[in-house]
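# Survey of secondary and tertiary structure
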Number of protein chains: 4
Amino acid sequence: MNDQHGQHDATTVVNGRYAYSFDYDVMHPYMIESFAPFFQKGSLLELGCFEGGFTSRFLPFFNDVTCVEASAAALTVAREKHGDAVTFVNVRFEDAALPKRYDNIVMTHVLEHLDDPVAVLRRVNDEWLSDAGYFFLVCPNANAPSRQIAVKMGLISHNAAVTSAEHEHGHRCTYSIDTLERDATAAGLEVVHRSGIFFKALANFQWDRLLETDIISKKYLDGCYQLGQQYPDLCSSIFLLCRRGGVKVPTAQVAARA
Amino acid sequence: MNDQHGQHDATTVVNGRYAYSFDYDVMHPYMIESFAPFFQKGSLLELGCFEGGFTSRFLPFFNDVTCVEASAAALTVAREKHGDAVTFVNVRFEDAALPKRYDNIVMTHVLEHLDDPVAVLRRVNDEWLSDAGYFFLVCPNANAPSRQIAVKMGLISHNAAVTSAEHEHGHRCTYSIDTLERDATAAGLEVVHRSGIFFKALANFQWDRLLETDIISKKYLDGCYQLGQQYPDLCSSIFLLCRRGGVKVPTAQVAARA
Amino acid sequence: MNDQHGQHDATTVVNGRYAYSFDYDVMHPYMIESFAPFFQKGSLLELGCFEGGFTSRFLPFFNDVTCVEASAAALTVAREKHGDAVTFVNVRFEDAALPKRYDNIVMTHVLEHLDDPVAVLRRVNDEWLSDAGYFFLVCPNANAPSRQIAVKMGLISHNAAVTSAEHEHGHRCTYSIDTLERDATAAGLEVVHRSGIFFKALANFQWDRLLETDIISKKYLDGCYQLGQQYPDLCSSIFLLCRRGGVKVPTAQVAARA
Amino acid sequence: MNDQHGQHDATTVVNGRYAYSFDYDVMHPYMIESFAPFFQKGSLLELGCFEGGFTSRFLPFFNDVTCVEASAAALTVAREKHGDAVTFVNVRFEDAALPKRYDNIVMTHVLEHLDDPVAVLRRVNDEWLSDAGYFFLVCPNANAPSRQIAVKMGLISHNAAVTSAEHEHGHRCTYSIDTLERDATAAGLEVVHRSGIFFKALANFQWDRLLETDIISKKYLDGCYQLGQQYPDLCSSIFLLCRRGGVKVPTAQVAARA
């Protein structure tokens, strides 16, 4: 389901040596850094884990991790990686019957692949997210500067377009904060925080090559991450933190959580 | 110490009727809304509580609340409001000897009043903040659109200027995200999240008058708050979430918190 | 064709007294202020002049002014206003046969009404704009803060949506800079400058009411205009300055113009 | 006076082959592209031409070009380049006695070097700029993303800081749009347009190295330039277009110009 992950898993060894990949090596750690201050004590559900690469990063934080993934082939890889440390469910989101509600639900770079995103978000809100839990929703950003520059270059018709390459990879739409929030809200979710992850002026293929040079450093990447929080609309990915809508968490319960 | 609070406490009754004030009635609730997802279980320390107006809003979340305030007169009012529900300490930050470390420390619209802001921030980092605790640092924003417009109007020389009215109210500087982060970092703090509170295109005095009309609604205000998260640099206030610097929280402990 | 103009022409006298209107009294002068530094010596063609309200503002700059307008009723009003000072052509853009090329062509808040905007823009590029001339293209901005706030309020589904009220007024799409530039470029035009007109955090109906109070001043409006140039994406209207594409103006000719 | 120019003139041949430089090869052409739509017919005065590198780019547009430059050594180089095509005046701005007023005055990356910038700007306004002329004022931008990232990295204390390296190169301050406009206005100038030149997320040294690779293309650079017009505050350089203040240009004269 998550093309980008597989794409990069396949290219991490190039010419006999390890190649850094922007999504795997840069974005994944920064996503965790963005999520961590909001993590709730308890369980975590990852929707669309693909081969379990991102899943690894949740294990230091949670003992109770469940992953839902439609691709049996991908799950085989994920199971080899994580064994019994993670509960894997091989099912499409539309068909999933999960045994409980979760305190944290994560969906990163998956929603733009779905035929009926609101229907799946509604399941998150109605069936899977606990009353005091958080839903971490992340998508690639239509307005990332790298993309806006590609639009100026004539490579993409407009910011929210789906290119033919993206369509082949399974993208059905390209979200910006307003359209992502529209779908989250339509599903009944309440958006409580909006942010962005990584100020991004270069395209993935440019980053992948730059990461092999000494033109940029880890500190420069950290700076892009930090600056991104000040310009969410200009980030590589956009991040909505959501709660169940229409559920009034009793103040006492909020206090208990705090 | 916190002029703006006193200023508005004094003006909440105008011409025999209640007058809405932007800072008290609009910004305070939105500050809490911004903080709540990050609240840590345990104790809270408010640095600069003035007359305890903002303090009230923490009580539903915390049983263990301490306030430090230099003005004895202000604290008298605060004590009348809160009695034994809050521990009050009447002392200057520079001279305070607090009995423990706190899980949450809040300082809103206070730092810009201090003669040596880094020294006080260093006490927060070195002496008062617990290893896994959060420091919520909020200041008025030099780059708020309302202020940038006032600069264009010639009422303020440049965004980061301190006007003579501000100086009389005790302001010593006007922060933007970069300078606020500079001081936090200089004090040893680690900034883990940057955000803004309330997209603000009108000045306080304009808001105070608008709030008396039906030109704007509560939902419009909510929209300004929500949009502000997408444009932190264009918010009324800027908000840095900080942790103790140089303290490596063991993963297990982070997991426990989560 | 241009609903907004008519709408406001009809409402400029309310309750027996003059009422300020945001579009007529605020935006029109600022549009001229935005255009003036780019004006080319020679002729001006206004596409969609409605009742000639905006046309008046070009007369101090140009002796040779032509207006194309599809509505015969609107043109009757315009002719009464301007008589022989302006050449009026009552025809749809699609059917217009104009006698020459123009040094300046202006189209403001019209393109979003057209069924085939690229076809009309192509006529501008291929038939009507002189080789060294400028085309001034202005549309309402999907990303104006006032609109983004309305989206947060749930009044509009997403920034680029066409609301039912807008659809009734004849809007066919809602442009942002990227989609406006896409259409201009598709028509062969070359975009040489991008800007925005008026930093706008309040909706038209709010402005119309505010303009009747003393909460805002002319200087505040000027400040919003000036600040808007620094944040084109956050302006009431977006403004593309275009030239004929694929026409290499000889350096000598550019020099002559300068 | 203009260190950056000299710096790059000196490094254009590295290791026996031509090396691209960001300022000379990228920024200079884009500055011209930014200025051209505003050029006025007539004369041009360049304040601080250094060795005449940028001067070359004005010659296709103007027959009457004058340059003022304090460094005799630099002017020797400039004279060799341009001979009689340009009038050179070897004098400090403070001491210059120029024979007439100019229709276009250009000052790029010079103001931040001056001890008394307002005094020199006042001479521009009071003595050198013609009534209908334009003053093109460009400075490096404190808020360029590349710089904001360097601030996050701890290499620069805050956006508007002057680093010791900058100080050695003669910088006396680091402007953002608000402070640049403050000084222009203080000198009596009227700012009629604000823009930015080149959306810049990488530092000069990074660009200089990138330009030697095929990671970026000319079209990518063009995209950065075009996008920069939408985010002036995030550009490499900021650009104010000014007119003489307090001089009411008769409408007729404006019309004549147009």
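Our subject is the structure listed above.
This text gives an overview of the structure that appears in the document.

Rules used in this analysis
- Residues numbered from 1 in each chain as written.
- Chains lettered and ligands numbered in written order.
- Predicted model: local features only at pLDDT ≥ 70, side-chain atom pairs only at ≥ 80, totals over all residues.
- Heavy atoms only, no water.
- Helix = DSSP H or I, 4+ residues; strand = E, 2+ residues; numbered from the N terminus.
- Buried < 20%, exposed > 50% of the residue type's maximum accessible area, 1.4 Å probe, protein only.
- Contact = heavy atoms within 4.5 Å.
- Areas by Shrake-Rupley, 256 points an atom, 1.4 Å probe, with all protein chains shown as cover.
- Salt bridge = Lys/Arg side-chain N within 4 Å of Asp/Glu carboxyl O.
- Polar contact = N/O pair within 3.5 Å; in protein donor to acceptor, adjacent residues only side chain to side chain.
- Nonpolar A, V, L, I, M, F, W, Y, C, P; charged D, E, K, R; others polar.
- Least-squares fit on C-alpha atoms with pLDDT ≥ 70 in both.
- Pairing = 2+ DSSP bridges.
- Right-handed = clockwise from strand over helix to strand, strands pointing away.
- Buried area = accessible area lost by both parts, 1.4 Å probe.
- Core = buried A, V, L, I, M, F, W, Y, C linked by side-chain atoms within 4.5 Å.

A count of helical and extended segments in chain A gives ten helices and nine strands. With 258 residues in all, chain A has 64% of them scored as buried. The contacts of chain A with a sequence gap of at least 6 include a subset with a gap of at least 24, amounting to 73%. Total accessible area on chain A is roughly 9100 Å²; 51% of this is exposed by carbon and sulfur atoms.

Counting residues at the interface gives 13 residues for chain B and 13 residues for chain D. Between Glu181 of chain B and Lys152 of chain D there is a salt bridge, with its nearest N and O atoms 2.6 Å apart. Put simply, chain B and chain D have six residue pairs in polar contact (both at pLDDT 80 or more) between them. Put simply, the parts of the chain that give the side of chain B that touches chain D at least two residues each are α5 (145-152) and α7 (177-186) of chain B. Within the side of chain B that touches chain D, the residues separate by chemical class into three nonpolar, four polar and six charged.

Right, let's get into the relation of the copies chain B and chain A. With an axial shift of 0.0 Å and an RMSD of 0.0 Å, the rotation relating chain B to chain A amounts to 180°. Those values place the two copies in the arrangement expected of a two-fold rotation axis. Of all interface residues in chain B, 100% are interface residues in chain A too; the two copies therefore contact each other through one and the same surface.

So, about the pairing of strand β6 (residues 102-108) of chain A. Residue and element names in this part refer to chain A. In terms of burial, β6 is a largely internal element, six of the seven residues being buried. Two elements, strand β3 (residues 43-47) and β6, share three bridges in a ladder whose sense is parallel. Bridge pairing in β6 links Glu46 to Val106. Inspection of the sheet shows β6 paired to strand β7 (residues 129-140) by six bridges, in the parallel sense. Bridge assignment links Ile105 to a residue of β7, and that residue is Phe135. Each parallel crossover has a hand, and the one from β6 via helix α4 (residues 117-128) to β7 is right-handed.

With that out of the way, let us pick up the interface of chain B and chain A. Contacts between chain B and chain A engage 30 residues on the former and 30 residues on the latter. Surface buried jointly by chain B and chain A totals about 2500 Å² across both partners, of which 54% is contributed by carbon and sulfur atoms. Here chain B and chain A share zero salt bridges between them. Across the chain B-chain A interface, the total number found is six residue pairs in polar contact (both at pLDDT 80 or more). Looking at the side of chain B that touches chain A, the elements with two or more residues in it are α7, β8 (190-199) and α10 (251-257) of chain B. A total of five residues in the side of chain B that touches chain A trace back to one element, the largest contributor, which is α10 of chain B.

With that settled, consider the pattern of salt bridges. Applying the stated criterion across every chain yields a total of 48 salt bridges over all chains. When the shortest N-O distance is used, the salt bridge between Arg182 of chain C and Asp183 of chain C registers 3.1 Å. Among the residues examined, Arg182 of chain C registers a relative accessible area of 28% and is labelled partly exposed. Where Arg147 of chain D meets Glu166 of chain D, a salt bridge forms, and the shortest distance between an N and an O atom there is 2.7 Å. Note that Arg147 of chain D is positioned in helix α5 (residues 145-152) and Glu166 of chain D in helix α6 (residues 164-168), a separation of 19 residues in sequence. Residue Arg147 of chain D is classed as buried on the basis of its relative accessible area, which comes to 10%. Judged by relative accessible area, Glu166 of chain D falls into the buried class, the value being 16%. Because the salt bridges share partners, they merge into one network encompassing Arg92, Glu94 and Asp95 of chain A.

By size, the foremost hydrophobic cluster in this structure holds 192 residues, and its most contacted members are Phe198 of chain A, Phe198 of chain B, Phe198 of chain C together with Phe198 of chain D. Once you skip the residues sitting within four places of it in the chain, Phe198 of chain C turns out to touch Phe22, Val26, Met27, Tyr30, Trp207, Leu221, Cys224, Tyr225, Gly228, Leu234, Cys235 and Ser236 of chain C.

Note that all results are geometric; they support no functional claim without further evidence.
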